Amino acid sequence: MESAFRKLYDRGEFPISVVHDSNGNKLNWQVSFSTLDYHVVLPLFFTGLSETVEPYAFIARQGVHDLLSHGGDRVLQVVPQLIMPIKDALNTRNPSVVCRTLKVLQHLVQCQSEIGLALVPYYRQILPVFDLFKSRNGTHRFPKNCP
């Protein structure tokens, strides 16, 4: 099933393009981060975390990291809208997707000191998947080079 992220990217709805160079791929944002509506764009990129097909997985991952790096105070206001995409990505139970989502969660809480506290009410929704991975006794390992 196609994600909302994939549909919007295929239609050219996002103000981005992929730049291929000798240092690897990166996103070229065609608008300033200050003009983006984080209440719309950030949750859409978070829905792309569930993607396993390239280039969608790369674009979603890099887009989320770019948006978090440049979001400043606007990220905290969007946290409640990010919970369902985070939960959906974790519930795929795909080790690569879960690992990628964990890295995004790390970046998310490092954006602002208040974000960790803002996530507390949502722990019941996102923590059960971690218990599933923990209780597998090593049979479900994360990839060594998690994207």
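See above for the structure.
Not measured: the values here are computed from a predicted model.

Chemist: Quick question: what am I supposed to make of the packing of aromatic side chains here?
Modeler: Centre distance and the angle of the planes are the two values used to describe a pair of aromatic rings. Under the definition given, this model contains 6 aromatic pairs. Aromatic side chains Trp-29 and Phe-45 sit 5.6 Å apart centroid to centroid with 40 degrees between the ring planes, which places their arrangement in the tilted category. Taken together, the residues Trp-29 in strand S2 (residues 24-29) and Phe-45 in helix H2 (residues 38-47) connect sequence positions 16 residues apart.

Chemist: Can you walk me through the packing of helix H4 (residues 74-91) against helix H5 (residues 95-111) in this structure?
Modeler: A pair of packed helices is characterised by two quantities: the angle between their axes and the separation of those axes. Viewed as axis vectors pointing N to C, H4 and H5 meet at an angle of 165 degrees, and their least axial separation amounts to 11 Å. For the element pair H4 / H5, the angle class is roughly antiparallel. Along this stretch, H4 crosses H5, giving a crossing that reads as left-handed. Residues Val-75, Leu-82, Ile-86, Ala-89 and Leu-90 of H4 pack against Val-97, Val-98, Thr-101, Leu-105 and Leu-108 of H5. Tallied by class, the residues present in the contact of H4 with H5 amount to 9 nonpolar, 1 polar and no charged.

Chemist: Honestly, H2 in this entry has me stumped. Any pointers?
Modeler: The periodicity of an α-helix, 3.6 residues per turn, causes residues three or four positions apart to be oriented the same way. Taken together, the buried positions of H2 are Tyr-38, Val-41, Leu-42, Pro-43, Phe-45 and Phe-46. On its buried face, H2 sits against helix H1 (4-10), strand S1 (16-21), S2, helix H3 (56-71), H4 and H5. Taking the backbone nitrogen of His-39 as reference, a side-chain oxygen 3.2 Å away marks Asp-37 as the first, capping residue of H2.

Chemist: Help me understand the nonpolar core, please; the structure alone is not making it clear to me.
Modeler: Proteins that are soluble and globular tend to have nonpolar side chains buried together. Core analysis: the largest hydrophobic core is formed by 38 residues, its most contacted members being Leu-42, Phe-45, Leu-67 and Leu-108. It is H4 that contributes the most residues to this core, 8 residues altogether. Ignoring sequence-local partners within four residues, the contact set of Leu-108 consists of Leu-68, Val-75, Leu-82, Ile-86, Ile-115 and Leu-119.

Chemist: Would you take a moment to explain a nonpolar patch on the surface for this structure?
Modeler: On the surface, Leu-117, Val-120, Tyr-123 and Leu-127 cluster together into a nonpolar patch covering about 380 Å² of accessible area. Within the fold, Tyr-123 resides in helix H7 (residues 123-126).

Chemist: How do you make sense of the packing of H3 against H5 when you look at a structure like this?
Modeler: Where H3 meets H5, the closest approach of the two axes is 9 Å, and the angle between their N-to-C directions is 10 degrees. Here H5 runs roughly parallel to H3, going by the angle between their axes. Facing Ala-57, Arg-61, Val-64, His-65, Leu-68 and Ser-69 of H3, the residues of H5 in contact are Arg-100, Lys-103, Val-104, His-107, Leu-108 and Cys-111. When grouped by side-chain class, the residues that make up the contact of H3 with H5 number 6 nonpolar, 3 polar and 3 charged.

What counts, and at which threshold
- Residues numbered from 1 in each chain as written.
- Predicted model: local features only at pLDDT ≥ 70, side-chain atom pairs only at ≥ 80, totals over all residues.
- Heavy atoms only, no water.
- Phe/Tyr/Trp six-rings, centres within 6.5 Å; stacked < 30°, edge-to-face > 60°.
- Helix = DSSP H or I, 4+ residues; strand = E, 2+ residues; numbered from the N terminus.
- Axes fitted to C-alpha atoms, helices over the stretch in contact; angles between N-to-C directions.
- Parallel < 35°, antiparallel > 145°, perpendicular 65-115°, else oblique.
- Left-handed = near helix turned anticlockwise from the far one by under 90°.
- Contact = heavy atoms within 4.5 Å.
- Nonpolar A, V, L, I, M, F, W, Y, C, P; charged D, E, K, R; others polar.
- Buried < 20%, exposed > 50% of the residue type's maximum accessible area, 1.4 Å probe, protein only.
- Polar contact = N/O pair within 3.5 Å; in protein donor to acceptor, adjacent residues only side chain to side chain.
- Core = buried A, V, L, I, M, F, W, Y, C linked by side-chain atoms within 4.5 Å.
- Patch = residues over 30% accessible without salt bridge, like charges linked within 9 Å, V, L, I, M, F, W, Y side chains within 5 Å.
- Areas by Shrake-Rupley, 256 points an atom, 1.4 Å probe, with all protein chains shown as cover.
- Salt bridge = Lys/Arg side-chain N within 4 Å of Asp/Glu carboxyl O.

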